[in-house]
Amino acid sequence: MHVVPLPALADNYIWLLHDDSGHAIVVDPGEASPVESALHARKLKLCAILLTHHHDDHIGGAGRLRDMYDVPVYAPDDARIAIATHRVQDGGTVVLGQPSARFQVMAVPGHTLSHIAYVGEGVLLCGDTLFSLGCGRLFEGTPTQMLSSLQRIASLPGDLLVCCAHEYTSANGRFAQSVEPNNAALKQRVDEVARLRANHQPSVPATLSSELACNPFLRVNSESVIEWCRQHGAANDPVARFAALRSAKDVFRA
């Protein structure tokens, strides 16, 4: 399976997955035109659409693509995603014939209450729950929910490619370094991202193992993050530490 991030809107990525026979899946198409262009350029046939949550920058192009290509649309059980043809939920499985693919569905509430991720074919399609070096804002869920979602993700195999939906890595890296200035793996990742972006390349996907080594939101139990939280009055428990990190990131400017 080939994994291709398609830039869309201001800073979104639509994920295009396709096999060598020309069959494709798209994930979170916030607009249709980048998908249409990529399908045409690569001579691909769209076979399915996967959606992680209801925000318009993730579903805005799905209706047009469904109508143009007459494909199934897999989505969480949320009435705000009216275009879905197949509702999926935690513990379910999406099995596709063309391209041949199998994804486990994981509920990851926090950014939104009905947010899901798809895990399979070597990738983690996580929408706005986990970003490289960061995580999504809490628009509907609680810190407890989001931390639980991130901990579920952290338990997955480290070689999974984290296919998140925004190009936020540079800004996330600046915040992460303010939390863990002595994290050598983080410095290496930030330097790598700077090189990629300077060459107009996407900073993602990254491996989950890299995120576990670098992303402070996955590292609330590491000594350096606990020390940062202690300095910010929130060292007592993991949820408090996560909430302190998320609140600090919400207002961080650097």
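Residues numbered from 1 in each chain as written. Predicted model: local features only at pLDDT ≥ 70, side-chain atom pairs only at ≥ 80, totals over all residues. Heavy atoms only, no water.

## Observations regarding the sheet that holds strand β10 (residues 123-127)
Here comes step 1: Spatially, β7-β8-β9-β10-β13-β14 is the arrangement adopted by the six strands of the open sheet, whose pairing is mixed. Among the strands making up the open sheet, the edge pair consists of β7 (93-96) and β14 (206-207).
Here comes step 2: Where β7 meets strand β8 (residues 101-107), four bridges bridge the pair, whose relative direction is antiparallel. Within β8, the residue paired with T93 across the bridge is Q104. (Pairing = 2+ DSSP bridges. Helix = DSSP H or I, 4+ residues; strand = E, 2+ residues; numbered from the N terminus.)

## So, the environment of T144
Here comes step 1: Within the fold, T144 resides in helix α4 (residues 143-154).
Here comes step 2: The class for T144 is partly exposed, based on a relative accessible area of 47%.
Here comes step 3: Considering only alpha carbons, one finds T144 and E121, 23 residues apart in sequence, at a separation of 29 Å. (Buried < 20%, exposed > 50% of the residue type's maximum accessible area, 1.4 Å probe, protein only.)

## Focus: the side chain of E180
Here comes step 1: You can see E180 is positioned in the loop between α5 (169-179) and α6 (184-198).
Here comes step 2: For E180, the side chain forms a polar contact with the side chain of R219, separated by 2.9 Å.
Here comes step 3: Separated by 2.3 Å, the side chains of E180 and S224 make a polar contact. (Polar contact = N/O pair within 3.5 Å; in protein donor to acceptor, adjacent residues only side chain to side chain.)

## Topic: the sheet that holds strand β6 (residues 86-88)
Here comes step 1: Read across the sheet, six strands follow the order β1-β2-β3-β4-β5-β6 without closing on themselves; strand pairing throughout is mixed. Pairing within the sheet leaves two strands with one partner each, and these edge strands are β1 (2-8) and β6. Within this sheet the neighbouring strands show an average axis-to-axis angle of 25°, counted without direction.
Here comes step 2: In the sheet, strand β3 (residues 23-27) pairs with strand β4 (residues 45-50) via five bridges, with the strands oriented parallel. Paired with I25 across the two strands is A48, which belongs to β4. (Axes fitted to C-alpha atoms, helices over the stretch in contact; angles between N-to-C directions.)

## Here we look at the side chain of S149
Here comes step 1: In this structure, S149 sits in helix α4.
Here comes step 2: A relative accessible area of 2% means that S149 is categorised as buried.
Here comes step 3: At 2.7 Å, the side chain of S149 forms a polar contact with the backbone oxygen of P109.

## Focus: the pairing of β7
Here comes step 1: Side chains V94 and L96 of β7 all project onto a buried face; the interleaved residues T93 and V95 project onto a face where none is buried.
Here comes step 2: Adjacent in sequence and paired antiparallel, β7 and β8 are bridged by four residues.

## Things to note about helix α1 (residues 33-42)
Here comes step 1: Of all the positions in α1, only P34, V35, E36, A38 and L39 are classed as buried.
Here comes step 2: Downstream of α1 by a residue or two, K43 has a phi angle that is positive, lying close to 55°.

## Concerning the packing of α5 against α6
Here comes step 1: Closest axis-to-axis distance for the α5/α6 pair is 10 Å, and the angle between their directions is 155°. If you check the angle between α5 and α6, you find them roughly antiparallel. Crossing of α5 over α6 shows left-handed handedness. Of α6, the residues touching α5 (which contributes T169, S170, G173, A176 and Q177) are L186, K187, R189, V190, V193 and R197.
Here comes step 2: Residue classes in the contact of α5 with α6 are distributed as four nonpolar, four polar and three charged. (Parallel < 35°, antiparallel > 145°, perpendicular 65-115°, else oblique. Left-handed = near helix turned anticlockwise from the far one by under 90°. Contact = heavy atoms within 4.5 Å. Nonpolar A, V, L, I, M, F, W, Y, C, P; charged D, E, K, R; others polar.)

## Some thoughts on empty space enclosed by the protein
Here comes step 1: Following the criterion strictly, the structure yields one cavity of 30 Å³ or more and no others.
Here comes step 2: Its boundaries defined by the atoms lining it, the largest cavity holds a volume of some 40 Å³.
Here comes step 3: Elements supplying a minimum of two residues to the lining of the largest cavity: β2 (12-18), β10 and β13 (161-164).
Here comes step 4: Among the elements that line the lining of the largest cavity, the one with the most residues is β10, at three residues. (1 Å grid on protein atoms, 1.4 Å probe; cavity = no way out; pocket = protein on both sides within 12 Å on 5 of 7 lines; lining within 4 Å. Points joined across faces, edges and corners; volume = space filled by probe spheres on them.)

## Here we look at the layout of surface pockets
Here comes step 1: As a volume, the largest pocket reaches approximately 320 Å³.
Here comes step 2: For the lining of the largest pocket, the secondary structure elements donating two or more residues are α5 and α9 (238-251).
Here comes step 3: Sort the elements by how many residues they give to the lining of the largest pocket and α5 lands first, with three residues.
Here comes step 4: A class-by-class count of the residues in the lining of the largest pocket yields seven nonpolar, five polar and seven charged.

## As for the packing of aromatic side chains
Here comes step 1: Taken as a whole and judged by the stated rule, the model has six aromatic pairs.
Here comes step 2: A ring pair is formed by Y13 and W15, whose centres lie 6.2 Å apart and whose planes are at 55°; its orientation type is tilted.
Here comes step 3: Using a relative accessible area of 2% as the deciding quantity, one classes W15 as buried.
Here comes step 4: Between F217 and F242, the ring centres sit 5.8 Å apart and the planes meet at 70°, which makes this aromatic pair edge-to-face. One end of the pair, F217, is in the loop between α7 (208-214) and α8 (223-231); the other, F242, is in helix α9, and 25 residues separate them in sequence.
Here comes step 5: The exposure class of F242 is buried, given its relative accessible area of 0%. (Phe/Tyr/Trp six-rings, centres within 6.5 Å; stacked < 30°, edge-to-face > 60°.)

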